[in-house]
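Listed below are the residues making up each chain.
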Amino acid sequence: MARDTWKAEIQKWNHLKNLTYSVVVGSADERKAALCRKADIYIINRENVQWLVDNFPFDFDMVVIDELSSFKNHQAKRFKSLMQVKRVVGLTGTPVGNGLMDLWAEFKVIDMGKRLGRFITHYRDEFFIPDKRNGQVIYSYLPKPGTEEEIYRRISDISISMKASDHIKMPELVTSEYTVYLSAGERSAYDEMKKALILNLPEGEITVANAASLSGKLSQLANGSVYDDSKKRIDIHSRKLDALEDIIESANGKPLLVAYWFRHDLERISERLHKCHIPFVQLDSEDSIRKWNNGEIPVALIHPASAGHGLNLQSGGSTIVWYGLIWSLELYSQTIARLWRQGQTSKTVVVMHIVTDGTIDRQILTALKTKDKTQTALITAVKANL
């Protein structure tokens, strides 16, 4: 977060302590006041980039973008705003989190299209061929042979890649699975829900267009709840909640970071923790992050999409539990990197996955382990489960 992370980092390093900074967040008036203060560095969040470019003379010597991968959407307003900026440095740990197609927008921000082309259509035509399609609508692309090497060659003169583990001693990263099993009654309810999904498919066909939605429903079923058409929560089983309670008890007070994806997962986890009188916070504010990093809270709940980038959480603990699994390798890796990073004092960072046996959880975890980012993996998983 712009408000907390970077000002804390500046104070950690002796060679940066003499730099002055101004944090440009808050209301419009507060942001204007921050820009008027004389400083060496101005820190702003990505949501306000367009506001900054549109409303003020852009006379900064350079722009440094933390988590450049968050600018990979070339249709976003903040991406278009940066087309006016002449000198940009981008930082990211996942430049191709969802494939080589991501690189075009990231490098367009940096070099105005000099190396990978000015237009996404030209980039696609040169390096990719259509993959999944429905008539004239193309949903995904595959790289042509030799594409990866050629793209890396073109961007090599302005790119530098450094792995933290090559330069500093990183803690060991240990992954594990906690498999839960449905009872006969729960399996029956689960299968009935799956049948309903199949009956609602147009002509019973699984396509690229509906695979993501179906995968989401299957993941909800694996986690134990699903929303009906009126947005009412239907609880099917509590196996993952029981597993999480067991993991927390086994931790014996050791702090746990719990990653969830669906709103009903957050609701049910919160309800269970309240029932068990286990203190917890949802990491969505400066105060909650401070409490976690100070070791005041045994359990913190985190959503990968809202907290996967830019947070330093390594001071609060060294174990993350994935209550629900996600397809996005980028968000998965970035969320783990909140703990497995420089400054982690534990010798081991543990990543636990709660997996419901006989569900789509298994395919998602396999795709994450093999770094399979393709749409094909998702469709194959949905077909295997339905």
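Let me sum up the structure you'll find in this document. (Residues numbered from 1 in each chain as written. Predicted model: local features only at pLDDT ≥ 70, side-chain atom pairs only at ≥ 80, totals over all residues. Heavy atoms only, no water.)

### Overview of the sheet that holds strand S16 (residues 348–356)
How we decide: We treat two strands as partners when DSSP finds at least two bridges between them. Every helix listed is a DSSP run of H or I at least four residues long, and every strand listed is a run of E at least two residues long, numbered separately from the N terminus. Interaxial angle, 0 to 180 degrees, is taken between N-to-C directions of lines fitted to C-alpha atoms, where a helix line uses only the stretch in contact. Pairs of residues are marked as contacts when any of their non-hydrogen atoms sit within 4.5 Å.
On the basis of which strands lie adjacent, the open sheet formed by 6 strands has the order S9-S16-S15-S12-S14-S13 and parallel pairing. What marks the edges here is a single partner per strand, and that holds for strand S9 (172–180) and strand S13 (280–282). The average undirected angle you get between the axes of adjacent strands in this sheet is 20°. By the bridge criterion, 3 bridges tie strand S12 (residues 256–259) to strand S15 (residues 319–322) in an arrangement that is parallel. Pairing of Ala259 across the sheet is with Trp322, part of S15. Taken strand by strand, helix H15 (residues 329–336) contacts S9, strand S14 (299–302), S15 and S16, and its axis lies near 150° from that of S15.

### With respect to the side chain of Ser288
Following the sequence through the fold, Ser288 ends up in helix H13 (residues 286–293). Not counting residues up to four positions away in its chain, the partners in contact with Ser288 are Val281, Gln282 and Leu283.

### Side note on the packing of aromatic side chains
In this description, a pair of aromatic rings is defined by centroid distance and the angle of the planes. We apply this condition: The criterion for an aromatic pair is that two Phe, Tyr or Trp rings (for Trp, the six-membered ring) have centres within 6.5 Å, with stacked assigned to planes under 30 degrees apart, edge-to-face to planes over 60 apart and tilted to the rest. The rule for a charge over a ring is simple: NZ of Lys or CZ of Arg within 6 Å of the ring centre, and within 35 degrees of the ring normal.
Considering all chains together, one arrives at 6 aromatic pairs under this definition. Between Phe79 and Trp104, the aromatic rings sit 6.2 Å apart at their centres with planes inclined by 35°, giving tilted as the arrangement. With Phe79 in helix H4 (residues 77–81) and Trp104 in helix H5 (residues 102–111), the pair connects residues that are 25 residues apart, well separated along the chain. By way of ring pairs, the aromatic residues Tyr123, Phe127 and Phe128 are connected into one cluster. When the ring centre of Trp51 is taken as reference, the NZ or CZ atom of Arg31 above it lies at 4.2 Å.

### Thoughts on the packing of helix H11 (residues 239–251) against helix H12 (residues 263–275)
We count it as follows: Each angle gets one of four labels, with under 35 degrees taken as roughly parallel, over 145 as roughly antiparallel, 65 to 115 as roughly perpendicular, and the rest as oblique. For any helix crossing, the convention is left-handed if the near helix is rotated counterclockwise from the far helix by under a right angle, and right-handed if that rotation is clockwise. Side-chain classes follow a simple rule in which Ala, Val, Leu, Ile, Met, Phe, Trp, Tyr, Cys and Pro form the nonpolar group, Asp, Glu, Lys and Arg form the charged group, and the remainder, Gly included, forms the polar group.
Where H11 meets H12, the axes come as close as 11 Å, and the angle between the chain directions of the two elements is 50°. Relative to H12, the element H11 is oriented oblique. H12 is crossed by H11, and the crossing has right-handed handedness. Packed against H11, whose contacting residues are Leu241, Asp242, Leu244, Glu245 and Ile248, the element H12 presents Arg268, Ile269, Arg272 and Leu273 at the interface. Grouping the amino acids of the contact of H11 with H12 by side-chain chemistry returns 5 nonpolar, no polar and 4 charged.

Nothing here speaks to function; it is all geometry.
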